[in-house]
Amino acid sequence: MTSSPLIPEISLNPLPQSDGSCQYTCPTSRTTILTSVNGPLEVRPKDELPNHATIEVIVKPGIGVAGVRETRLSSLIHSTLQSLILTNHHPRTLIQIVAQIVQAEDHTSLPLLLTPLLNCTILSLLIAGIPMRTVGWSVHLAVLQNNSRGNFKTAEGQVFKLEEKTGGNGDKMDTEENEKAVAVVVRNPNSEILGLAKSSHTLTFSKEGEMLLIESLECSQGSGGESADGQGWDITDFLKLAEEGKRICCEEGVEIVRDALGDRKVF
Amino acid sequence: MPKEPEISLAEKTFVLEALKQNLRVDGRNIHSFRDIQFSFGDDYGFVDVRLGKTRVLARISAEIIRPRPDRPFEGTFTISTEMGPMASPSFEVGRPTDLDNTLSRLLEKSIRRSTALDLESLCIVTAQRVWSLRADLHFLSHDGNLIDTACIATITALAHFRLPVVTVSGEDITIHPVTERVPVPLSLLHWPICVTFSFFGEDDDGEMVCVLDATAQEEALREGDMTVTVNKNGEVCQISKSGGVAVEAETLMKCARKAAEKVKGIDKLIASALRGDEIARNKGNLDWLKEGRSENER
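This is a predicted model, so every value here is computed, not measured.

The rules behind each value
- Residues numbered from 1 in each chain as written.
- Chains lettered and ligands numbered in written order.
- Predicted model: local features only at pLDDT ≥ 70, side-chain atom pairs only at ≥ 80, totals over all residues.
- Heavy atoms only, no water.
- Helix = DSSP H or I, 4+ residues; strand = E, 2+ residues; numbered from the N terminus.
- Polar contact = N/O pair within 3.5 Å; in protein donor to acceptor, adjacent residues only side chain to side chain.
- Contact = heavy atoms within 4.5 Å.
- Pairing = 2+ DSSP bridges.
- Axes fitted to C-alpha atoms, helices over the stretch in contact; angles between N-to-C directions.
- Phe/Tyr/Trp six-rings, centres within 6.5 Å; stacked < 30°, edge-to-face > 60°.
- Lys NZ or Arg CZ within 6 Å of the ring centre and 35° of its normal.
- Parallel < 35°, antiparallel > 145°, perpendicular 65-115°, else oblique.
- Left-handed = near helix turned anticlockwise from the far one by under 90°.
- Nonpolar A, V, L, I, M, F, W, Y, C, P; charged D, E, K, R; others polar.
- Core = buried A, V, L, I, M, F, W, Y, C linked by side-chain atoms within 4.5 Å.
- Buried < 20%, exposed > 50% of the residue type's maximum accessible area, 1.4 Å probe, protein only.
- Buried area = accessible area lost by both parts, 1.4 Å probe.
- Salt bridge = Lys/Arg side-chain N within 4 Å of Asp/Glu carboxyl O.

Chemist: Before we move on, could you go through the side chain of serine 114 of chain B and cite the residues and values that matter?
Modeler: Residue and element names in this part refer to chain B. By secondary structure assignment, the location of serine 114 is in the loop between α2 (98–112) and β5 (123–125). Polar contacts involving the side chain of serine 114 include one to the main-chain carbonyl oxygen of serine 110, which spans 2.5 Å. When neighbours within four sequence positions are excluded, serine 114 is seen to be in contact with Lys109, His190, Pro192 and Cys237.

Chemist: Could you give an account of the sheet that holds strand β3 (residues 32–41) of chain A, with specific residues and numbers?
Modeler: Residues and elements named next belong to chain A. Read across the sheet, five strands follow the order β1-β2-β3-β5-β4 without closing on themselves; strand pairing throughout is mixed. The open sheet is flanked by β1 (9–12) and β4 (54–60), the only strands paired with a single partner. Going from strand to strand, the sheet's axes swing by 15° on average, the running direction of each strand aside. In terms of strand pairing, β1 meets strand β2 (residues 20–25) through four bridges, oriented antiparallel. Bridge assignment links serine 11 to a residue of β2, and that residue is glutamine 23. Sitting on the sheet, helix α1 (residues 68–82) touches β4 and β5 (94–103), and the angle it makes with β4 is about 145°.

Chemist: Can you break down the packing of aromatic side chains residue by residue, with the values?
Modeler: For the structure on display, the rule yields one aromatic pair over all chains. Above the ring of tyrosine 44 of chain B, the side-chain terminus of arginine 281 of chain B is found at 4.8 Å from the ring centroid.

Chemist: Account for the packing of α1 of chain A against helix α2 (residues 110–128) of chain A, with residues named and values stated.
Modeler: Residues and elements named next belong to chain A. Two numbers describe how α1 lies on α2: the axes approach to 10 Å, and their chain directions differ by 45°. In terms of orientation, α1 lies oblique with respect to α2. Considering only the axes of α1 and α2, their crossing is right-handed. In this structure, α1 uses Arg69, Arg72, Leu73, Leu76, Ile77, Thr80 and Leu81 to contact α2, whose residues at the interface are Leu110, Leu113, Leu114, Leu117, Leu118, Thr121, Ile122 and Leu125. Tallied by class, the residues present in the contact of α1 with α2 amount to eleven nonpolar, two polar and two charged.

Chemist: Just give me the short version of the nonpolar core, but keep the residues and values in it.
Modeler: Within the largest apolar cluster, 62 residues are counted, with the highest numbers of intra-cluster contacts made by Phe38, Ile111, Leu133, Leu137, Phe139, Phe197 and Ile270 of chain B. Of all the elements, helix α3 (residues 146–160) of chain B adds the most residues to this core, at ten residues. Not counting residues within four places of it along the chain, the set of residues in contact with isoleucine 270 of chain B comprises Phe38, Ile152, Ile155, Thr156, Trp191 and Ile193 of chain B. Counting residues in hydrophobic clusters, the runner-up holds 56 residues, among them Tyr24, Leu73, Ala104 and Met132 of chain A.

Chemist: Describe the sheet that holds strand β11 (residues 193–202) of chain B, naming the residues involved and giving the relevant values.
Modeler: Residue and element names in this part refer to chain B. Strand order in the open sheet made by the four strands is β12-β11-β13-β14, with antiparallel pairing throughout. Both outer strands of the open sheet, β12 (208–212) and β14 (236–240), are each paired with one neighbouring strand and no more. Along the sheet, successive strands turn relative to each other by an average axial angle of 25°, direction set aside. Here β11 pairs with β12 via four bridges, running antiparallel. What sits directly across from serine 198, in β12, is valine 211. On top of the sheet, α2 reaches β11, β13 (224–230) and β14; it is set at about 160° to β14, its chief contact. The strands touched by α3 within the sheet are β11 and β13, with β11 carrying the most contacts at an inclination of about 170°.

Chemist: Provide a residue-level description of the interface of chain B and chain A, including the pertinent values.
Modeler: In this complex, chain B contributes 27 residues to the contact, which on the side of chain A involves 27 residues. Interface area for chain B against chain A, summed over the two sides, is near 2,200 Å², with a carbon-plus-sulfur share of 55%. Run the count over chain B and chain A and you get two salt bridges. Where arginine 44 of chain A meets glutamate 92 of chain B, a salt bridge forms, and the shortest distance between an N and an O atom there is 3.3 Å. Taken together, the connections running from chain B to chain A amount to nine residue pairs in polar contact (both at pLDDT 80 or more). Going through the elements one at a time, β3 (54–65) and β6 (129–141) of chain B are the ones with two or more residues in the side of chain B that touches chain A. If you tally residues by element for the side of chain B that touches chain A, the top one is β6 of chain B, at five residues. Residue composition of the side of chain B that touches chain A, by class: eleven nonpolar, six polar and ten charged.

Structural measurements only, silent on function.
Next up, the structure:
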């Protein structure tokens, strides 16, 4: 159903020593993440919760030592997982998740790392057999300037326009005639495309279509998600975007997870 | 935090008795390494080394800094080794284990102190700008012999890394991106490689049982260990033996010779892996790369 250039490369259980692990490579930005899940483990007394399992998320950067960015990433992942994992099934234990950034175009860009990190973590949790309420999937959408005529390369089906009704993902972008102010959206952009973007949105939905995480960022053109020009984004555009993100996560995302797990029928 | 599972008495006796007869649980010869597999990433200076179930990633990165005032001609090179729970749940974040300390000191001694990397070649403008290299080692899976794997990974990554070309005109420094000028390899003077021996006491003939490339199970049962760092020319860079069972001088000499022999094989493996990657990267066309070489024909 999806065109193959948009399906991530997933290898399950690459690490034999952990309870569950997954290596995930984003097809477009070539970001590679490796996560391992151990649990339920013995918990440190100070972190012990009487009725719930403690979730620990450690994000390890590819270059240098962990800093503010990694703490931010791990707290975002933590809050998403908190609503997915059935922590009351293993009270007074620890579910430990380590995510290693193996390869990235830009090791400093938070939006480019978040989606692969979330998807990889969810897959490794499934493999580790951690009880979860439902499955989530994340997608990163970048909204480009209306008049951006950047000649970037994209995979088939990666680009769509925000119109009255989005005409599926098959739309090719024809930069020659931008009739009206129609925002162009690129899913899972690479750092070059993100550099041209007006705003970037990381959307995470559960299988049932509940929104789990929105991480939106306004970027001024050409600064690669660094600073903003204070114009924000249009709420109607955002709602359409969220609708499209939901479709991608609930249909395509869940399909990718099912394909990856194969005969290990988890859900 | 969870401890490593303790090995049962029956298992312990089985492994040790077998080793006394020069047999190993995984069927290897006591002096043979597990298969070493290399896989390189899209960018230079990134390698994933697998030794059986042990897996270590190494990544080299470079940035331009101001040199230390007492060493104005030299760039800097740091090796960062931080083990996390990914390798084994018994490793904790921010609390280095003994293995962690041993490992970082051994790599420091083997690679940095043996001047494998010519730091003066990293100088751009004296006392103004130098390259600062950083090797990040990520331990993904621990099944014994992390020291040797980490050393092989660091050396391979250093040999794989390419530094962007920098031109200096007056006060201005221009860094040419990879697409503009062919980046140059680092000037590595030699490839020091660690070989760790594990000792299991004396066998029936009264000779010390020394095993190469021990698995996690063997490491947990060994009575002592020794790391010898040799390069392919047979020059010993360092020997480290901290505690454990006492070893005769004769055994030590034997180990050093064995290490020199093993290193020649590993050196060839690294060179052929690098060659394979270079060919894959340039799709058979290697002529243009020769111009980017900084080393002379020897």
